[in-house]
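# Report on the structure
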Amino acid sequence: AQSVTQLDSQVPVFEEAPVELRCNYSSSVSVYLFWYVQYPNQGLQLLLKYLSGSTLVKGINGFEAEFNKSQTSFHLRKPSVHISDTAEYFCAVSDRGDYKLSFGAGTTVTVRA
Amino acid sequence: GAVVSQHPSWVICKSGTSVKIECRSLDFQATTMFWYRQFPKQSLMLMATSNEGSKATYEQGVEKDKFLINHASLTLSTLTVTSAHPEDSSFYICSGEREIVHNEQFFGPGTRLTVL
């Protein structure tokens, strides 16, 4: 079984500043890793995913994440945020060969002008 | 593409009644659909996994007789909350996995259930 810890429940950030959302996971097997974004009153949208290969993954809307196996982390970053990036962000993990997702508690990002 | 809809978006019902929530994949065929429950300020918890034409697989602790799941076609799954009670009030979210794109779930907008 896997578990996901998102270390920051809320992240306030000014517009055009960088942001990093931290995610750590635990699993006894190899995993796939995901970041999802949830805008108010909307469903979850996939930002990016790591399945294999390069540990630096680029996603939509200028986001990227780096898989660090030794630290069991998958932190999400964006060099310059916009007001429209205000949303809830979820890190998720699934065991390889099992498509069930385990989610972290979420990080609320609030971007201020 | 890969849009999932849910209906209704919110529902209020009296304790003891049953509520049906529909989840539809609008532009793709979902071989597998998932149902999640999300409490305020908390994460999504997987309730069950359903494959078209077969019985759903429920996660530990989820009452299958209370949360009835039907996956009648590749584009429709329904969740029925039977004899709902206030503790069933929650945000219910479904997702569909597209046939040719494994490891990616497409999520619906969720249904807010309030049981009085």
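Before any of the text, the structure's been laid out above.
Structural notes, computed from the coordinates. No experiment lies behind these values; they were computed from the predicted model shown.

### Here's the deal with the state of the cysteines
As used in these notes, a disulfide is a covalent bond between sulfur atoms, one from each of two cysteines. Residues and elements named next belong to chain B. In this structure the tally under the stated criterion is two disulfides over all chains. Between the sulfur atoms of C23 and its disulfide mate C94 the distance is 2.0 Å. An S-S torsion of about 80 degrees defines the bridge between C23 and C94 as right-handed. Residue C23 is located in strand β3 (residues 19-25), and its partner C94 is located in strand β9 (residues 90-98); the two are separated by 71 residues in the primary sequence. The pair C23 / C94 is uniform in exposure class, with both members buried. Considering cysteine sulfurs only, C94 is the nearest to C13, which forms no disulfide, with 18 Å between them. You can call C13 buried: its relative accessible area is 9%.

### Details of the interface of chain A and chain B
With 18 residues of chain A at the contact, the number on the chain B side is 21 residues. Counting each side, the surface lost to burial between chain A and chain B is near 1,500 Å², with a carbon and sulfur contribution of 54%. The interface formed by chain A and chain B includes one salt bridge. Note that E59 of chain B and K100 of chain A form a salt bridge whose closest N and O atoms lie 2.9 Å from each other. Mapped by element, the contributors of at least two residues to the side of chain A that touches chain B are β5 (31-38) and β6 (44-50) of chain A. Top contributing element to the side of chain A that touches chain B by residue count: β5 of chain A, with four residues. Among the residues making up the side of chain A that touches chain B, the classes are represented as 11 nonpolar, five polar and two charged.

Thresholds applied
- Residue positions are counted from 1 within each chain, in the order its sequence is given.
- Just so you know, chain letters begin at A and ligand numbers begin at 1, following the order they were written in.
- The predicted nature of this model means local features are confined to residues of pLDDT at least 70 and side-chain atom pairs, given and counted, to a pLDDT of 80 or more, with totals for whole chains, interfaces and linings taken over all residues.
- Only hydrogens and water are set aside when side-chain values are computed; all heavy atoms of the structure are taken into account.
- Disulfides are defined as cysteine sulfur pairs within 2.5 Å.
- Only DSSP runs of H or I reaching four residues or more are called helices, and only runs of E reaching two or more are called strands; each is numbered from the N terminus.
- Note on classification: 1.4 Å probe, protein chains only; a residue is buried when its accessible area is under 20% of the maximum for its type, exposed when over 50%, partly exposed between these limits.
- Note on definitions: a residue-residue contact is assigned when non-hydrogen atoms from the two residues lie within 4.5 Å.
- Note: buried area is the sum, over both parts, of the accessible area (probe 1.4 Å) each one loses when the two are combined.
- Between Lys or Arg on one side and Asp or Glu on the other, a salt bridge is scored when a side-chain nitrogen of the former is within 4 Å of a carboxyl oxygen of the latter.
- When residues are sorted by character, Ala, Val, Leu, Ile, Met, Phe, Trp, Tyr, Cys and Pro go into the nonpolar class, Asp, Glu, Lys and Arg into the charged class, and all the rest, Gly among them, into the polar class.

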